[in-house]
Amino acid sequence: MEHETLFRLSVFLGLFVLLALAEALLPRRARRTPRSQRWVANWGLSLLNTATLWLLALALPLLAVGAALDASASDLGLFNALNWPLWVEIILAILIFDFAIWAQHLITHKVPLLWRLHRVHHADTETDVTTAIRFHPVEIALSMLLKIGLVYLIGPSALAIILFEVLLNGTAMFNHANLRLPLPFDRALRLVLVTPDMHRVHHSVHRAEHDSNYGFSLSLWDRLFHTYIAQPSEGHDEMHIGLQWQDERPSKLGWSLWLPFTKR
Ligand SMILES: [Zn+2]
Ligand SMILES: [Zn+2]
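Rules used in this analysis
Residues numbered from 1 in each chain as written. Chains lettered and ligands numbered in written order. Predicted model: local features only at pLDDT ≥ 70, side-chain atom pairs only at ≥ 80, totals over all residues. Heavy atoms only, no water. Helix = DSSP H or I, 4+ residues; strand = E, 2+ residues; numbered from the N terminus. Rg over C-alpha atoms; globule rule 2.2 N^0.38 Å. Buried < 20%, exposed > 50% of the residue type's maximum accessible area, 1.4 Å probe, protein only. Contact = heavy atoms within 4.5 Å. Areas by Shrake-Rupley, 256 points an atom, 1.4 Å probe, with all protein chains shown as cover. Donors = N, O, S within 2.8 Å, 3.2 Å for Na, K, Ca; no water. Tetrahedral: all angles 85-135°; square planar, octahedral: opposite > 155°, others 65-115°. Lys, Arg positive; Asp, Glu negative; His and termini not counted. Salt bridge = Lys/Arg side-chain N within 4 Å of Asp/Glu carboxyl O.

Draft legend 1. Local environment of the overall build of the protein. Scanning the protein for helices and strands turns up 14 helices and zero strands. What you see for the protein is a C-alpha radius of gyration of 18 Å, in line with the 18 Å of a compact globule of 264 residues. Its C-alpha atoms give the protein principal-axis dimensions of roughly 55 × 40 × 35 Å. Looking at the protein residue by residue over its 264 residues, the buried ones come to 51%. Restricting the contact set of the protein to residue pairs at least 6 apart, pairs at least 24 apart contribute 75%. When the accessible surface of the protein is summed, it comes to about 12,700 Å², and 73% of that surface belongs to carbon and sulfur atoms.

Written out as structure tokens, the structure reads:
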């Protein structure tokens, strides 16, 4: 477990630094707000989310990886009854969990109460690598409960869950990055993975555009369920990011935490 935490933290910090540097060298859009204004709130939310997961781990007393070990020891879940080769189970588990996160994301846009939580992510006035860690702690806790439930149903190995979490975290940082990729490379890559240009459409102020491209890792689900929009109608340079009634308050941590409970 200690190795798992160290492995995840190293990948996260390594990728964060790489993507932050890449954004500075090859930005897709001109920055409208200084990084320092938004990063304090986004990092603040991320640290609060880590604390929330620690508290959840104490209360339950396990998270998704612990649940996978527990399900395996108690012979619970589909894969623990099937005895398929590990690599088959890992591929299937990643596909199932990625689909579940896609479906959860779509539901958070459709159910008004859940949208109140999720709009904290959308309130960011720009997208960059820190938008990937900008979520309300209650949404993070609900997402973890969903994953734990699914672990007991599917019975994946702990390794599959660790790989899935690293993939989800890594691809989320990548596709939120304000990064200019060569267009032919973007076109080829988005056949499989969600690229920054594809996910940026999801952060448009226009409802039809932000109700599209729900994927974080694989682009497959949006194509399959016809929720795919290739490019923003106003173009990547001119499009407005955030919520329709946007101002600069999302840069403030307290305002962001309180946003689900305000009238808007
Ligand atoms: Zn969303
Ligand atoms: Zn996003």
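Draft legend 2. Region of interest: the coordination of the zinc ion (ligand 2). Bound to the zinc ion (ligand 2) are the protein donor atoms His121 (NE2), His176 (NE2), His199 (NE2) and His203 (NE2), situated 2.1 Å from the metal. Given four donor atoms and angles of 87 to 163 degrees at the metal, the environment of the zinc ion (ligand 2) is assigned as irregular. Mapping the donors of the zinc ion (ligand 2) onto the primary sequence gives the spacing H-x54-H-x22-H-x3-H. Between the zinc ion (ligand 2) and the zinc ion (ligand 1), a spacing of 5.6 Å is present. Separated by 23 residues along the polypeptide, His176 in helix H8 (residues 158-176) and His199 in helix H10 (residues 196-202) bring together distant segments of the chain. Judged by its relative accessible area of 1%, His176 is buried. Looking at His199, the relative accessible area reads 1%, which means it is buried.

Draft legend 3. Main features of the side chain of Arg119. Here Arg119 shows up in helix H6 (residues 112-122). Within the buried set, Arg119 has no salt-bridge partner at all; the shortest N-O distance to an opposite charge, 10 Å, is to Glu139. The contacts of Arg119, once residues within four sequence positions are left out, are Leu243, Leu259, Pro260, Thr262 and Arg264.

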